[in-house]
Amino acid sequence: MFVIRPATLDDAPALARLAESTFRSTFEVHNTDSDMALHCERSYGPAIQAGEIANPQMYTLVCEAENQLIGYAQLRFGRAPDCVMVRNPTSKPAEIQRLYVTDSWHGKGVAPALMAACLQEMKKRHLDTVWLGVWEHNPRAIRFYRKTGFSAVGDHIFPVGNDPQRDVLMMRPLEHDG
């Protein structure tokens, strides 16, 4: 059994370890050691994750089981690429910036539960569109996002260290009750 909850500043050290380990597990085999090290140095660490948790333009969820973090998701609010269109001109889109689960918990419902929690949080904020970027060579993630209602709308460059890589940009509308 697992629990999803908003991250707190106390989670920053464990979240930094989880974020780096899941990124490495997903992408290390496809990148050079130097690019991976540079990306991780710039993106993960207790101070970096604490800053993200405290940032009002972000919302971080963690998933834990047996007193250990096993997954997380991060939302980012703000500007979106031009290919991401909102339905209501007074609404703004939100990005699922990160959604990762430890390998030992793949296939056990954690990713769909994190996705549902992300979508619920965006609905609470009355947002009508969600978008994300996913590496073009990550078919498992692309299948998951398509299964949860996302479709490709464009692309952008996501640097891993000094290597510019192509991410497929995907979006989906959010449906609201009533």
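Please read these numbers as outputs of a predicted model, since none were measured by experiment.

**Observations regarding the overall build of the chain**
Okay, so step 1: When helices and strands are counted, the chain shows five helices and seven strands.
Okay, so step 2: The linear arrangement of helices and strands in the chain, starting from the amino end, is β-α-α-α-β-β-β-α-β-α-β-β.
Okay, so step 3: Over its C-alpha trace the chain gives a radius of gyration of 16 Å, about what one expects of a compact globule, namely 16 Å for 178 residues.
Okay, so step 4: For the C-alpha atoms alone, the extent of the chain along its principal axes is close to 45 × 35 × 30 Å.
Okay, so step 5: A buried classification covers 46% of the 178 residues belonging to the chain.

**Some words on the side chain of Thr-22**
Okay, so step 1: Among the secondary structure elements, Thr-22 is positioned in helix α1 (residues 12-27).
Okay, so step 2: A relative accessible area of 2% means that Thr-22 is categorised as buried.
Okay, so step 3: Here Thr-22 is in contact with Tyr-72, Tyr-100, Val-101 and Thr-102, once residues within four sequence places are set aside.

**Digging into the sheet that holds strand β2 (residues 58-65)**
Okay, so step 1: Taken together, seven strands build an open sheet; the order of strands is β1-β2-β3-β4-β5-β7-β6 and the sheet is mixed. Every interior strand has two partners, whereas the edge strands, β1 (3-6) and β6 (151-160), have only one. Between one strand and the next, the sheet's axes are offset by a mean angle of 25°, whatever the strand orientation.
Okay, so step 2: Where β2 lies against strand β3 (residues 68-77), eight bridges are found, and the strand directions are antiparallel. Across the sheet, the residue bridging to Ala-65 is Gln-68, located in β3.
Okay, so step 3: Against the sheet, α1 contacts β2, β3, β4 (94-101), β5 (129-135) and β6, and its axis sits at roughly 90° relative to β3.
Okay, so step 4: Lying on the sheet, helix α4 (residues 110-124) is in contact with β1, β2, β3, β4, β5 and β7 (163-173); it crosses β4 at an angle near 160°.

Conventions and cut-offs
- Residues numbered from 1 in each chain as written.
- Predicted model: local features only at pLDDT ≥ 70, side-chain atom pairs only at ≥ 80, totals over all residues.
- Heavy atoms only, no water.
- Helix = DSSP H or I, 4+ residues; strand = E, 2+ residues; numbered from the N terminus.
- Rg over C-alpha atoms; globule rule 2.2 N^0.38 Å.
- Buried < 20%, exposed > 50% of the residue type's maximum accessible area, 1.4 Å probe, protein only.
- Contact = heavy atoms within 4.5 Å.
- Pairing = 2+ DSSP bridges.
- Axes fitted to C-alpha atoms, helices over the stretch in contact; angles between N-to-C directions.

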